[in-house]
Amino acid sequence: MSSHTNLLSTVSFGEIESQNRVFMAPLTRSRSQQPGDVPWDLNAEYYRQRASSGLIITEATQISPQGKGYAFTPGIYTDEQIQGWKNVTDAVHEEGGKIFLQLWHVGRISHTDLQPDGATPVAPSAIRAESQTYTSKESGMVPVSEPRALDASELPGIVEQFRVGALNAKKAGFDGVEIHGANGYLLDQFTRDGSNQRTDSYGGSVANRIRLPLEVTRAVVEVFGAGRVGYRVSPLGLFNDINDSNPAETFGELATELGKLKLAYIHAVEAFAGMVRDDENERVHTVVRESFKNAGGGIYVGNGGLTPEDAEERISEGKTDAVAFGTLYIGNPDLPERIATDGPYNDADQSTFYGGDATGYTDYPAMETV
Ligand SMILES: Cc1cc2nc3c(=O)[nH]c(=O)nc-3n(C[C@H](O)[C@H](O)[C@H](O)COP(=O)(O)O)c2cc1C
């Protein structure tokens, strides 16, 4: 008998009713079909295998050619991509699962080789990140390009990219969407003062820095309704060379505003392979959680470095409402079933995380049932 009664209990948030609190974290696997970054049968099979999750959040998916930062990641802006994702959502729904698409614009974490006509990647400010990206099999990992600062006149176009991404996700049959505001990508670049040094109304004060993220969120909410929209943050994340001078204040305000919009959930990356600051971790995430909920938001989804036992404890202590598992979900397609029997768990093979074929993707076995 499993002692994970909280983790395996149902949960309602926004318009969604989930069969358990074991969510699948967004995981880039770089296996879309080429050319065209199109989701295909292999991806549908992978997500189908994981449909017993309370909520699948897909891998980050570029909303436009400009929003792309890595080779082989899927998009949601062409008819082929929308049809490909429709096959994915059908597969998950056939198994009784729920699936949100993670809407992604990488901003400065890109390379001219990945941009249309070799264009310069865009960012709040023209500051190059000390970070790398993957441009092709031949080139492998390369430093990201120096970005150019977006002109204020271009910002409505960014909001529009997210709006169209949400519309396309709706056409593809998703139950909702998660806005990728974490891990040093475009919306995070605007939010944090290390990467946003603008002097117009989109930089400076916290209210200014979260202006674009909130404009994007309102546009996405118009498409799906707030009860089908989540937002991901990583207040203390260091991945992609990003930082903020006052994360509790910045992300507390952002969480309050997202709560006022009545979003279904806020999703926080509390730990990620040593790339999240440890100092004040509990305090900052408590501020985010309480600010969101007190303002009228739905549930708080915690993530990062948690075992099912940690997750159960955090839920019972009221520190999170659901937990998204990343690495554990790579190796264990039937994670809730395994949690119910206290394991055993398969290890995930890091060498097949990104790119390749079915190996290390759809060939992790489900538990033997007697
Ligand atoms: C292979 C891999 C791909 C990832 N891709 C994404 C992504 O597309 N979007 C995102 O927000 N986070 C991404 N992450 C971060 C995970 O969602 C998660 O925050 C991280 O793995 C920590 O959770 P865990 O300890 O349960 O694995 C990725 C992590 C890994 C290991």
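Here is what the cut-offs are and how they apply
- Each chain has its residues counted from 1, following the order in which its sequence is written.
- A pLDDT threshold of at least 70 governs which residues receive local features in this predicted model, and a stricter bar of 80 or more applies before side-chain atom pairs are shown or counted, although totals over entire chains, interfaces and linings include all residues.
- Processing note: side-chain calculations cover all non-hydrogen atoms of the structure and skip hydrogens and water entirely.
- Accessible area is worked out with a 1.4 Å probe on protein chains only. A residue is then buried under 20% of its type maximum, exposed over 50%, and partly exposed in between.
- By the criteria applied, helices consist of DSSP H or I runs no shorter than four residues and strands consist of E runs no shorter than two, each listed in order from the N terminus.
- At least two DSSP bridges between two strands are needed for those strands to be called paired.
- With the strands pointing away from the viewer, any crossover whose connection runs clockwise from the first strand over the helix to the second is right-handed.
- Here an angle of 0 to 180 degrees is reported between the N-to-C directions of two axes, which are lines fitted to C-alpha atoms, with helices fitted over the stretch in contact.
- Roughly parallel means an angle under 35 degrees; roughly antiparallel, over 145; roughly perpendicular, 65 to 115; everything else is oblique.
- Each helix crossing is assigned a hand: it is left-handed if the near helix lies turned anticlockwise from the far helix by less than a right angle, otherwise right-handed if that turn is clockwise.
- Contact definition: two residues touch when any of their heavy atoms are within 4.5 Å.
- For this scheme, ten residues count as nonpolar: Ala, Val, Leu, Ile, Met, Phe, Trp, Tyr, Cys and Pro. Four count as charged, namely Asp, Glu, Lys and Arg, and the remainder, Gly too, count as polar.
- Neighbouring residues are identified by heavy atoms, a residue being near a molecule or strand if any of them is within 4 Å of it.
- Residues adjacent in sequence count toward polar contacts only when both atoms are side-chain atoms; beyond that, a polar contact is any pair of N or O atoms within 3.5 Å, and within protein one must be able to donate a hydrogen and the other to accept it.
- Using a 1.4 Å probe, accessible areas were evaluated by the Shrake-Rupley method; residue-level cover was limited to the displayed protein chains.
- Arc definition: directions from the helix axis to the C-beta atoms.
- Throughout this description, the term salt bridge denotes a Lys or Arg side-chain nitrogen within 4 Å of a carboxyl oxygen of Asp or Glu.
- What we call a nonpolar core is a set of buried Ala, Val, Leu, Ile, Met, Phe, Trp, Tyr and Cys residues that are connected through their side-chain atoms within 4.5 Å.
- Aromatic rings from Phe, Tyr and Trp, with only the six-membered ring used for Trp, were paired whenever their centres fell within 6.5 Å, and each pair was classed as stacked if the ring planes differed by under 30 degrees, edge-to-face if by over 60, and tilted otherwise.
- Note on criteria: charge over ring means Lys NZ or Arg CZ within 6 Å of the ring centre, with the direction from the centre no more than 35 degrees off the ring normal.

Undergrad: Would you mind showing me how to read the pairing of strand β11 (residues 229-233) here?
TA: Within β11, 5 of the 5 residues are buried, leaving the element largely enclosed by the surrounding structure. Alternating residues of β11 divide into Val229, Tyr231 and Val233 and Gly230 and Arg232, and every residue in both groups is buried. Pairing between strand β10 (residues 176-180) and β11: 4 bridges, direction parallel. Across the sheet, the residue bridging to Glu178 is Gly230, located in β11. Between β11 and its parallel partner strand β12 (residues 265-269), the chain crosses via helix α7 (residues 247-260), and the hand of that crossover is right-handed.

Undergrad: I tried to follow the packing of α7 against helix α8 (residues 281-294) on my own but got confused; where do I start?
TA: Angle between the axes and distance between the axes: these two values describe a pair of packed helices. Contact geometry for α7 and α8: axes closest at 7 Å, N-to-C directions at 20°. As far as their axial angle goes, α8 and α7 are roughly parallel. Note that α7 runs across α8; the crossing there is right-handed. Residues Pro247, Ala248, Phe251, Gly252, Ala255, Thr256, Leu258 and Gly259 of α7 form the contact with α8, whose own contacting residues are Arg283, Val284, Val287, Val288, Ser291 and Phe292. Taken together, the residues that form the contact of α7 with α8 break down as 9 nonpolar, 4 polar and 1 charged.

Undergrad: Got a minute to help me understand the site of the ligand in this structure?
TA: In the vicinity of the ligand there are 20 residues, among which Thr28, Arg232, Asn303, Gly305 and Thr327 approach most closely. Here Gly305 contributes a backbone N or O atom positioned 2.6 Å from an oxygen atom of the ligand. Thr327 places a side-chain nitrogen or oxygen 2.5 Å from an oxygen atom of the ligand. Contact with the protein chains hides 91% of the accessible area of the ligand, taken as 610 Å² for the molecule alone. In terms of residue class, the shell around the ligand is built from 10 nonpolar, 9 polar and 1 charged.

Undergrad: Sorry if this is basic, but what is going on with the sheet that holds β11 here?
TA: Backbone-to-backbone hydrogen bonds pair the strands of a sheet. The strands run either parallel or antiparallel. Reading around the barrel, the 8 strands line up as β3-β4-β5-β10-β11-β12-β13-β14 and close back on themselves, with parallel pairing between neighbours. Neighbour-to-neighbour, the strand axes of this sheet turn through a mean angle of 25°, independent of strand direction. This element, helix α1 (residues 41-49), spans β3 (22-24), β4 (55-62) and β5 (99-104) of the sheet and lies at about 150° to β4. In the packing of helix α6 (residues 211-224) onto the sheet, contacts are made with β5, β10 and β11, and the angle to β10 comes to roughly 170°.

Undergrad: When you look at helix α9 (residues 308-316) in this model, what are you seeing that I'm missing?
TA: Residues three or four positions apart in an α-helix share a direction because the helix packs 3.6 residues into each turn. Among the residues making up α9, those that are buried are Pro308, Ala311, Glu312, Arg314 and Ile315. Buried positions in α9, seen along its axis, are confined to an arc of 165° and lie on one side of it. Those residues of α9 hidden inside the fold are in contact with α8, β14 (322-325), α10 (327-331) and α11 (335-340). Positive backbone phi, at 75°, marks Gly318, one or two positions downstream of α9.

Undergrad: Looking at this model, I keep getting lost on the pattern of salt bridges. Mind explaining?
TA: Where charged atoms from two side chains of opposite charge come close, those side chains can pair. The tally for this structure, following the rule as stated, stands at 21 salt bridges. For Glu160, the salt bridge is made with Arg163, and the minimal N-O distance between the two is 2.8 Å. With Glu160 and Arg163 both in helix α3 (residues 155-171) and 3 residues apart, the pair spans about one turn of that helix. Glu160 gets classed as partly exposed once you look at its relative accessible area, which sits at 35%. Note that Arg209 and Asp244 form a salt bridge whose closest N and O atoms lie 3.1 Å from each other. Taken together, the positions of Arg209 in helix α5 (residues 206-209) and Asp244 in the loop between β11 and α7 put the pair 35 residues apart, joining distant regions of the chain. Overlapping salt bridges, with partners in common, bring together Glu270, Glu282, Arg314, Glu317 and Lys319 in one network.

Undergrad: Mind showing me how you'd approach the nonpolar core here?
TA: As a rule of thumb, soluble globular proteins bury nonpolar side chains together. Ranked by size, the top nonpolar core spans 72 residues in total, and within it Tyr47, Phe162, Leu212 and Val220 carry the most contacts. Considering every element that reaches this core, the biggest residue donor is α6, with 8 residues. Here Phe162 is in contact with Ile63, Leu103, His105, Ile179, Leu187, Val216 and Val220, once residues within four sequence places are set aside.

Undergrad: I would appreciate a short explanation of the packing of α1 against helix α2 (residues 79-94) in the present structure.
TA: Running from N to C, α1 and α2 cross one another at 25°; their axes reach a closest spacing of 8 Å. Put simply, α1 runs roughly parallel to α2. In this structure, α1 crosses over α2, and the sense of that crossing is right-handed. Residue-level inspection shows Asn43, Ala44, Tyr47 and Arg48 of α1 in contact with α2, the latter providing Trp85, Asn87, Val88, Ala91, Val92 and Glu94. Taken together, the residues of the contact of α1 with α2 sort by class into 6 nonpolar, 2 polar and 2 charged.

Undergrad: Got a minute to help me understand the packing of aromatic side chains in this structure?
TA: Each aromatic ring pair is characterised by the separation of its centres together with the angle its planes make. Per the counting criterion, the structure on display carries 13 aromatic pairs. Arranged with centres 5.9 Å apart and planes meeting at 35°, the rings of Phe100 and Tyr265 form a pair that is tilted. Here Phe100 is found in strand β5, whereas its partner Tyr265 is found in strand β12, with 165 residues between them in sequence. For Tyr265, a relative accessible area of 0% puts it in the buried group. Consider the rings of Trp104 and Tyr185, whose centres lie 5.3 Å apart with planes at 90°: the pair is edge-to-face. With Trp104 in strand β5 and Tyr185 in the loop between β10 and α4 (186-191), this pair connects stretches of sequence that are 81 residues apart. Here the two residues Trp104 and Tyr185 agree in accessibility, since each one is buried. Among the aromatic side chains, those forming a connected cluster through ring pairs are Tyr46, Tyr47, Trp85, Phe174 and Tyr361. A cation over an aromatic ring shows up here: Arg211 above the ring of Tyr202, its NZ or CZ 6.0 Å from the ring centre.

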